[in-house]
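# Structural overview
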Amino acid sequence: MKSRLASIDIGTNTIRLLIADTDKKSKLHKVLTERRIARLGEDFIEKSEISFKAIERSIVILKEFINITKKYNVRKVITGATSAVRKAENKDEFLKKVYKETGLQVRVLSEREEATITFTGVLTVMDSVMGKTLVMDIGGGSTEFIIGEGNVPVSTYSLDLGAVHLTERFIRSDPPSLQELDKTREFIDKRLFSFKESVINSQSGISFSSLIGTAGTITTLASMDQQMTVYDPERINKYLITRESITNIYTMLCGLTLAERSALPGLEKGREDIIMTGTVIVLEVMKAFQFHEMMVSDHGLLEGLLKLS
């Protein structure tokens, strides 16, 4: 007998919903997915707080998602929050308001929990994972890295490299100036240098068999590479995108304004302002660890929350 569950991911940039049926073998059968850009991490760098407007936007989206789960007769809703909520000084105020307005009890995930749950979700779409794998999850407020040996997560790392926060920190021009992009890249490289040293010290080298990427920046790049007019998760899952292709997308983006970027096929509306910093993160990681291609997964935190519930 199938059990219908739902998971909600309250991220720094987007709030996402997954409704799925689980069978006796705990296999997930997707019923519906929805995503809305709430930009919870807007102006976060200045105050380390979730703004009133961002809270209100999030409540509206969460109420909509709750109504959807009722329509689909969901038995249980599991809700997880990541970087923006985790770091916010007014976290408790946000959680109380969410509970009061929606009835949702939100689990604020630690960096390690977020990475481990994401790894579990990524594996739901992969046939098998061989050798040592690096999984990268780029969010709005941070980037999580998981090193896996086969199907087992061995170690996790969280870096303050989020597409929203980097954009707010460095990008002022439209299109971004070369100087702004260089400063963004320098900041990323400094963080990656320390991360790489940690990996070398703890893993006895950095010989990875593959790189797997998940979350909005990476799935958007895969969508753009295929010039999708309608996002199709089936064409995203296990899609191999090369560093050369990502470099070509980035080069194209560099000369475009926000308005011009928003018209590109495959680029999710509302992501046009942060896609460039997200792409720089991807390219610098691939360069640092000498990856020439990356396998993309549409599955991640949402699926992991259900698998581990």
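In what follows, the accompanying structure is described.

Rules used in this analysis
Residues numbered from 1 in each chain as written. Predicted model: local features only at pLDDT ≥ 70, side-chain atom pairs only at ≥ 80, totals over all residues. Heavy atoms only, no water. Helix = DSSP H or I, 4+ residues; strand = E, 2+ residues; numbered from the N terminus. Buried < 20%, exposed > 50% of the residue type's maximum accessible area, 1.4 Å probe, protein only. Areas by Shrake-Rupley, 256 points an atom, 1.4 Å probe, with all protein chains shown as cover. Lys, Arg positive; Asp, Glu negative; His and termini not counted. Charge placed at Lys NZ, Arg CZ, Asp CG, Glu CD. Expected span 1.5 Å × (residues − 1). Polar contact = N/O pair within 3.5 Å; in protein donor to acceptor, adjacent residues only side chain to side chain. Contact = heavy atoms within 4.5 Å. Arc of directions from axis to C-beta. Pairing = 2+ DSSP bridges. Axes fitted to C-alpha atoms, helices over the stretch in contact; angles between N-to-C directions.

## Remarks on the overall build of the chain
- Across its full length, the chain carries 13 helices and 11 strands.
- Across its three principal axes, the chain shows a C-alpha extent of roughly 50 × 45 × 40 Å.
- By the burial criterion, 54% of the 309 residues in the chain qualify as buried.
- Of the accessible surface of the chain, which amounts to about 14,100 Å², a share of 49% is contributed by carbon and sulfur atoms.
- Taking the 42 positively charged and 41 negatively charged side chains of the chain as two groups, their mean positions are separated by 5 Å.

## Comments concerning helix H12 (residues 275-288)
- Across its 14 residues, H12 extends 20 Å between first and last C-alpha, which sits within 8% of the 20 Å expected from 1.5 Å per residue.
- In terms of burial, H12 is largely enclosed, as 13 of its 14 residues are buried.
- Just beyond H12, the residue with positive phi is glutamine 290, at close to 60°.

## Concerning the side chain of glutamate 303
- As for its position among the elements, glutamate 303 is in helix H13 (residues 301-307).
- One polar contact links the side chain of glutamate 303 to the main-chain amide nitrogen of glycine 300, over a distance of 2.8 Å.
- Apart from the residues within four sequence positions on either side, glutamate 303 is in contact with Leu18, Leu28, Gly121, Thr124 and Asp298.

## Structural notes on helix H4 (residues 91-102)
- With 12 residues, H4 extends 16 Å from end C-alpha to end C-alpha; this agrees with the ideal 16 Å at 1.5 Å per step.
- Within the sequence span of H4, burial applies to Phe94, Leu95, Val98 and Thr102. Mapping the buried residues of H4 onto a view down its axis gives an arc of 95°, with all of them on the same face. For H4, the exposed residues lying more than 90 degrees away from the buried face are Glu93, Lys96 and Lys100.
- Buried residues along H4 sit against strand S1 (3-10), helix H2 (52-71), helix H3 (83-87) and strand S5 (106-108).

## Let's talk about the sheet that holds S5
- Read across the open sheet, the 5 strands follow the order S3-S2-S1-S4-S5; overall the sheet is mixed. With one partner strand each, in any of the chains shown, strand S3 (28-37) and S5 form the two edges of the open sheet. Strand-to-strand twist across the sheet, computed as the mean angle between neighbouring axes with direction ignored, equals 20°.

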